[in-house]
Amino acid sequence: AAARSASFVCRAASRSRMTCWRACSFAAMAACLSASTCADWAAAAAAVGHISTLADADAAVRRMPVSLELNSGSSPIRVDQSSLVMAGMVSKAGSVPMRPMRGFPAAGRGVPVGEDGCFYINYPPPETMRAHTVAFEGVLLGRYPKGFFRGKAVLVAQTALGAKNADLLPTPLGIRFGAYVQAAALWTVLTGRTIWRIDRPTVCLLLIVAGLVLAVLYGGQTAGRTTLVLVISLAAVLLWSILWFRR
């Protein structure tokens with residue numbers, strides 16, 4: 001039964017030539033299917049991408065590696081992130097341009113990549129995710145708007161609560177299914193709403209310059225007036241940050 005189901009999926013993927021398997025699919029298939037079936041499974045894919053993430057010190061997932069090297073036999077295989085692979089397939093460009101994330105945000109196209117080889121995920125609001133989610137039952141019964149999937153990248157994944165193999169990850173918005181994390185990464189790349197994190201040397205330079213400017217402007221002022229200016233400045237920066245990240 002598993003072999004017949006895999007054969008059906010392979011035929012459908014071969015016809016569309018727009019299917020991207022995740023990198024661990026071949027190993028999972030090899031555990032239950034014959035080698036010939038796995039070869040057909042691999043040949044049916046238009047591309048392969050990894051779904052690995054990296055957690056920060058607080059265990060939240062905010063970034064993903066652009067590519068990984070997977071050991072396969074005698075030589076490693078370089079596999080790009082699934083969201084980047086799918087974005088290239090949807091845009092017909094074949095690949096997504098990258099640019100190094102150094103200094104101040106620079107104008108131009110491309111996903112900013114840090115020195116660690118990762119790009120940051122800009123998580124969309126939960127209501128945006130819900131508006132682009134269709135249950136598998138709804139797909140089988142045709143309960144979705146006509147043309148809903150046309151011209152779009154579609155992620156097929158499990159989001160069932162209580163399942164033993166549930167893929168749950170901590171994010172800045174709380175615990176989310178891995179499929180939603182991948183969808184957020186894809187949304188970040190396709191919409192161009194990437195995150196640029198200023199590197200530490202640039203931040204230190206800004207702090208030194210800001211300290212010198214404040215010392216010159218308010219060096220002769222009273223303590224009360226200086227404190228008032230500082231509070232107003234911090235409140236303005238905080239308000240600007242909130243408005244910026246809610247865009």
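Above: the structure in question.
Residues numbered from 1 in each chain as written. Predicted model: local features only at pLDDT ≥ 70, side-chain atom pairs only at ≥ 80, totals over all residues. Heavy atoms only, no water.

This next bit is on a nonpolar patch on the surface. Taken together, the side chains of Phe136, Val139, Leu140, Leu141 and Tyr144 present a nonpolar region at the surface, about 510 Å² in accessible area. Tracing the backbone through its elements, the reader meets valine 139 in helix H6 (residues 136–141). (Patch = residues over 30% accessible without salt bridge, like charges linked within 9 Å, V, L, I, M, F, W, Y side chains within 5 Å. Areas by Shrake-Rupley, 256 points an atom, 1.4 Å probe, with all protein chains shown as cover. Salt bridge = Lys/Arg side-chain N within 4 Å of Asp/Glu carboxyl O. Helix = DSSP H or I, 4+ residues; strand = E, 2+ residues; numbered from the N terminus.)

Moving on, we get to the packing of helix H4 (residues 82–90) against helix H7 (residues 178–191). One can describe the packing of H4 onto H7 by two numbers: an axis separation of 9 Å at closest approach and a directional angle of 45°. Considering their axes alone, H4 and H7 lie oblique with respect to each other. Crossing of H4 against H7: the hand is right-handed. In this structure, H4 uses Ser82, Ser83, Leu84, Met86 and Ala87 to contact H7, whose residues at the interface are Gln182, Ala185, Leu186, Val189 and Leu190. (Axes fitted to C-alpha atoms, helices over the stretch in contact; angles between N-to-C directions. Parallel < 35°, antiparallel > 145°, perpendicular 65-115°, else oblique. Left-handed = near helix turned anticlockwise from the far one by under 90°. Contact = heavy atoms within 4.5 Å.)

Bringing the packing of aromatic side chains into the picture now. Taken as a whole and assessed by the stated rule, the structure comprises three aromatic pairs. Seen from their ring centres, phenylalanine 148 and phenylalanine 149 are 5.1 Å apart, and the 90° between their planes marks the pair as edge-to-face. Linked through ring pairs, Tyr144, Phe148 and Phe149 together constitute an aromatic cluster. Sitting over the face of the ring of phenylalanine 148, lysine 152 holds its NZ or CZ atom 4.2 Å from the ring centroid. (Phe/Tyr/Trp six-rings, centres within 6.5 Å; stacked < 30°, edge-to-face > 60°. Lys NZ or Arg CZ within 6 Å of the ring centre and 35° of its normal.)

Ranked by internal contacts, the top residues of the largest apolar core, which has 23 residues, are Leu84, Phe119, Ile121, Val181 and Val189. Those elements giving two or more residues to this core turn out to be strand S4 (61–65), H4, strand S8 (111–113) and H7. With residues up to four places along the chain from it excluded, the contact list for valine 181 reads Thr53, Val61, Met64, Ile121, Tyr123, Leu169 and Thr171. (Core = buried A, V, L, I, M, F, W, Y, C linked by side-chain atoms within 4.5 Å. Buried < 20%, exposed > 50% of the residue type's maximum accessible area, 1.4 Å probe, protein only.)

Moving on, we come to H7. With 14 residues, H7 ought to run about 20 Å at 1.5 Å a step, and its terminal C-alpha atoms sit 20 Å apart, in line with that. A large share of H7 lies buried, amounting to 10 of its 14 residues. Here H7 has its buried residues at Gly178, Ala179, Val181, Gln182, Ala184, Ala185, Leu186, Trp187, Thr188 and Val189. One or two residues past the end of H7 sits glycine 192, with phi positive at roughly 75°. (Expected span 1.5 Å × (residues − 1).)

Strand pairing in a sheet relies on backbone hydrogen bonds. The paired strands run either parallel or antiparallel. In spatial order, the strands read S3-S4-S9; together these three strands make up an open sheet with antiparallel pairing. On the outer flanks of this sheet lie strand S3 (54–55) and strand S9 (118–120), each paired with one strand and no other. Pairing analysis gives two bridges linking S3 to S4, with the strands arranged antiparallel. If you follow leucine 54 over to S4, its bridge partner there is arginine 63. (Pairing = 2+ DSSP bridges.)

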